[in-house]
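Descriptive structure summary
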Amino acid sequence: MTATLEVKPAAAAPKRRSLRRFERYSQIGATVVLLGILLGVGAKLYPNFLSGQAIMDLFSKNSFLIALAVGMTFVILSGGIDLSVGAVMALGSVVAATLLQQGWPAYLVIPVVLIVGMSMGLLVGLMIHRFNIQPFIASLAAMFLARGLCLVVTDRSIAIEDPFFKTMNLAHINLWESTTVNLRGKVRISQVYTTPAVLIALAVLVIAFIVLHYTRFGRTVYALGGGESSANLMGLAAGRTKVGVYVISGLCAGLAGLLFSFYTASADPVAGIGYELNAIAAVVIGGTLLVGGSGYVLGSLLGVLTLATIYAYKEFDGDLNTGWTRIMIGVLVLFFIVLQRVLVARRK
Amino acid sequence: MRKLASHRLVWPAGVLLALLVANFLWNRNFFNVTILNGNLFGAPIDILRRAAPVVLVALGMTLVIATRGIDLSVGAVAAISGSWASMYIINSGDRTSVKVVLTAVGVALLIALVAGAWNGFLVSVLGIQPIVATLVLMVAGRGLAQVITNEKILYPDNTPAYKLIGGGYWLAVPFSILLAGAIFGLTALLTRRTALGTLIEAVGVNPEASRLAGVRSRSITWIVYIFAGLCAGIAGLMLTSNSTSADPNSIGLFIELDAILAVVIGGTSLAGGRFSLAGTLIGAFIIETMDTFVVIAISARSTDVFKACVVIVVCLIQSPEARAWVATLFRGGKTRPPVVMAAVTTTAAPVSASAAELTDIAGRVSS
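Because the structure is predicted, anything quoted here is derived from the model rather than measured. (Residues numbered from 1 in each chain as written. Chains lettered and ligands numbered in written order. Predicted model: local features only at pLDDT ≥ 70, side-chain atom pairs only at ≥ 80, totals over all residues.)

Let us look at the overall build of chain A. What chain A contains, in helices and strands, is 14 helices and four strands. Over its C-alpha atoms chain A spans a radius of gyration of 22 Å, differing by no more than 12% from the 20 Å that the globule rule assigns to 348 residues. Overall, chain A is about 80 × 60 × 35 Å in size when its C-alpha atoms are taken along their principal axes. Residue pairs at least 24 apart in sequence account for 76% of intrachain contacts in chain A once pairs closer than 6 positions are excluded. (Helix = DSSP H or I, 4+ residues; strand = E, 2+ residues; numbered from the N terminus. Rg over C-alpha atoms; globule rule 2.2 N^0.38 Å. Contact = placed C-beta atoms within 7 Å.)

Residue and element names in this part refer to chain B. At a minimum axis separation of 9 Å, helix α3 (residues 43-66) and helix α13 (residues 277-297) run at an interaxial angle of 140°. Classified by the angle between their axes, α3 and α13 sit oblique to one another. Two packed elements cross with a definite hand, and for α3 against α13 that hand is right-handed. Residues Ile47, Arg50, Ala51, Val54, Val55, Ala58, Leu59 and Thr62 of α3 touch α13, and the partners they reach there are Leu277, Thr280, Leu281, Gly283, Ala284, Phe285, Ile287, Glu288, Thr289 and Thr292. (Axes fitted to C-alpha atoms, helices over the stretch in contact; angles between N-to-C directions. Parallel < 35°, antiparallel > 145°, perpendicular 65-115°, else oblique. Left-handed = near helix turned anticlockwise from the far one by under 90°.)

On to the nonpolar core. Counting 214 residues, the largest nonpolar core has A:Ala67, A:Leu68, A:Ala141, A:Val333, B:Val55 and B:Val57 as its most contacted members. Discounting residues that sit within four places of it in the chain, B:Val55 has contacts with B:Ala180, B:Phe184, B:Leu281 and B:Ala284. (Core = buried A, V, L, I, M, F, W, Y, C linked by C-beta atoms within 7 Å. Buried ≥ 20, exposed ≤ 12 C-beta atoms within 10 Å, placed from the backbone.)

We now examine the interface of chain B and chain A. If you look at the interface, chain B gives 35 residues, while chain A gives 37 residues. Elements with a contribution of two residues or more to the side of chain B that touches chain A: α6 (130-148), α14 (303-318), α15 (320-330) and α16 (339-366) of chain B. Of all the elements, α6(B) adds the most residues to the side of chain B that touches chain A, at twelve residues. By residue class, the composition of the side of chain B that touches chain A is 21 nonpolar, eight polar and six charged. (Nonpolar A, V, L, I, M, F, W, Y, C, P; charged D, E, K, R; others polar.)

One non-glycine residue, A:Ala265, adopts positive backbone phi at about 55°. Summarising the element assignment, A:Ala265 is placed in the loop between α11 (238-264) and β4 (266-267). Look at A:Ala265 and you get partly exposed, because 16 C-beta atoms sit within 10 Å. Of note, B:Arg68 is a non-glycine position whose phi angle comes to about 70°, a positive value. Secondary-structure assignment places B:Arg68 in the loop between α3 and α4 (74-91). When the 19 C-beta atoms within 10 Å are taken as the criterion, B:Arg68 is described as partly exposed.

The α-helix winds at 3.6 residues per turn, so residues separated by three or four positions along the chain end up facing the same way. Compared with an ideal rise of 1.5 Å per residue, which puts 21 residues at 30 Å, α13(B) spans 30 Å between its outermost C-alpha atoms and is within 8% of the ideal. Burial within α13(B) is extensive, with 15 of its 21 residues counted as buried. (Expected span 1.5 Å × (residues − 1).)

Residues and elements named next belong to chain B. Between α4 and helix α12 (residues 255-265), the least distance of the axes is 7 Å, while the angle of their chain directions is 130°. Relative to α12, the element α4 is oriented oblique. Of α12, the residues touching α4 (which contributes Val74, Gly75 and Ala78) are Ile255, Glu256 and Ala259. Among the residues making up the contact of α4 with α12, the classes are represented as four nonpolar, one polar and one charged.

Residues and elements named next belong to chain A. Per-residue confidence for chain A gives a mean pLDDT of 83, with 91% of residues at or over 70. Looking across chain A, the model is least confident in helix α1 (residues 2-45), with a mean pLDDT of 66, and most confident in helix α3 (residues 63-77), with 92. Per-residue pLDDT stays below 50 along residues 1-13; that stretch engages in zero contacts with residues further than four places along the chain or on separate chains. (pLDDT = per-residue confidence, 0-100.)

With that out of the way, let us pick up the environment of A:Ala308. All names here are of chain A. Along the chain, alanine 308 turns up in helix α13 (residues 297-316). Residue alanine 308 is classed as buried on the basis of its 21 C-beta neighbours within 10 Å. Beyond its immediate stretch of four places on either side in the chain, alanine 308 contacts Leu58, Lys61 and Asn62.

The following block contains the structure:
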């Protein structure tokens, strides 16, 4: 009798562990399945939706969003939120364009832009950590500030003529040759290419992955999201990490500004309105819990690709109302939030 | 006198007064109100009229924030209701018919109500954080508005009946001011003369405790989000009826931020609980007066920077840590450590003590 009693929990334990593992990866699994479905439906509806170049365009048209989402992942993992990233991105590109216009060389402009982004992040971080202001409201103030500074610097869009930025705008890195068949049955052989901006964004992603999973700082970020007071009691540098997370987000936003000006070869003070929402949506769709403490930065890449696929629908079908892409993003965010809610409720 | 100074509306009211004086110093005709064709005109009237939609949205936002929530979707809801009403009036055969306008307004408000109820459902029934729950509609709502208008900017050539809501006059006063004032008065009456206000505050202070005390916190939460949606809907109607074009992308853009700002300036804490409708009203007036001042005195381009500075200063004034920090600065920076540091050291002390005990025990065991 006792033997059977002892056996039962022992048998149940591995099952529960596998269930927990299932729960752990189920969100990211849902994202992968979703992305697959979106790509599949696109391929069914539009010819060449899955051609090599179209897939590569998902990356190259959203390189700045990858950078924003990476920064946002740090913030959300730590249990915060940063609404200023879209405005800081615009500020970065506006500062870059203005300085270049005044004859500054690119190798000076790039660090300046990154420092501008980092200082905006530092401002948010200090307001949150030092003065205990809610992340939402502190980053909102930074958003107003950055957007306002953009308009103070310039109230119209500026074209960038700098040779380095031009090169980054036009450069193609050829990957492989592909053959596509158009509607009339004509076979075309073309090079599938990507842009340097994509490589930079992916490098940022890899660095973020390493920092989050293999450094003390990264572990502290997860611990902060799990609970700030417990992180403090464990003797972790919670305060420094909390500020650091926002500095990283600001840095990523500044970098996104650079990538954006590479992509458009111009700077616009009203660019990137609402991009903070896209970045948050990408992180949520990528399976990071909005309460913090759980999630993967690689998931955020999947989130960005999901958004990119939805935008690609609009590009492949000119008649599609832009409203539907927004509604779709809203519905996806809702789906993942409810999924999170169910998973968290079951864990408790 | 001391009682007056400690009243929590003194600070916002003082700021508003200072802004009005600054405006007057810059433009001596600032307070001149003239009567033209039997209607009131002048800078103060303009400020009041521009403030009307913000006051409405902020009114709903105050109650939502009092329950420890936030509603980011109000701008999108305003866009939906405004563009639906414009679209309906444009598509109807007879634009001048009062019946058409009434139907348009009625249905638009119903849509806003449903939107608010949706937010309330996500927050109170599914228990999703308010920021996140309302983010969904903030993203999708503008999409809905675009779908409604077929992604076009509408030029509604408003009939007098519809124009009345946001741009018309009634008894020599702009109708929007009267409307916003009436809704404000009604809300103040409902929350302060009945138990509703206290119940809302109770939910904001501690939802669980108030539920145990017999407050229907779920329905209260639901009601405030519906109210916020309705207010946003009316604001959307005002905004579209007073303009010659209706672009779903720009109706009520950032109005949620202005509204939150008005609430925070008015002294309602984002942590929920006690709220002040009069404070919100003053907050909304501060925002509009400041905009006017910055536009005439400095430049239209720097309004956002000013707004940002005001948000930061107001937040710092409300934060006890910042006040303690400023106090130490004035005392020479060494007399009293900030509150935060004290808290950290007290929590750290037992840990280090137990660590010392552990090493002590370990030492004894090994010896």
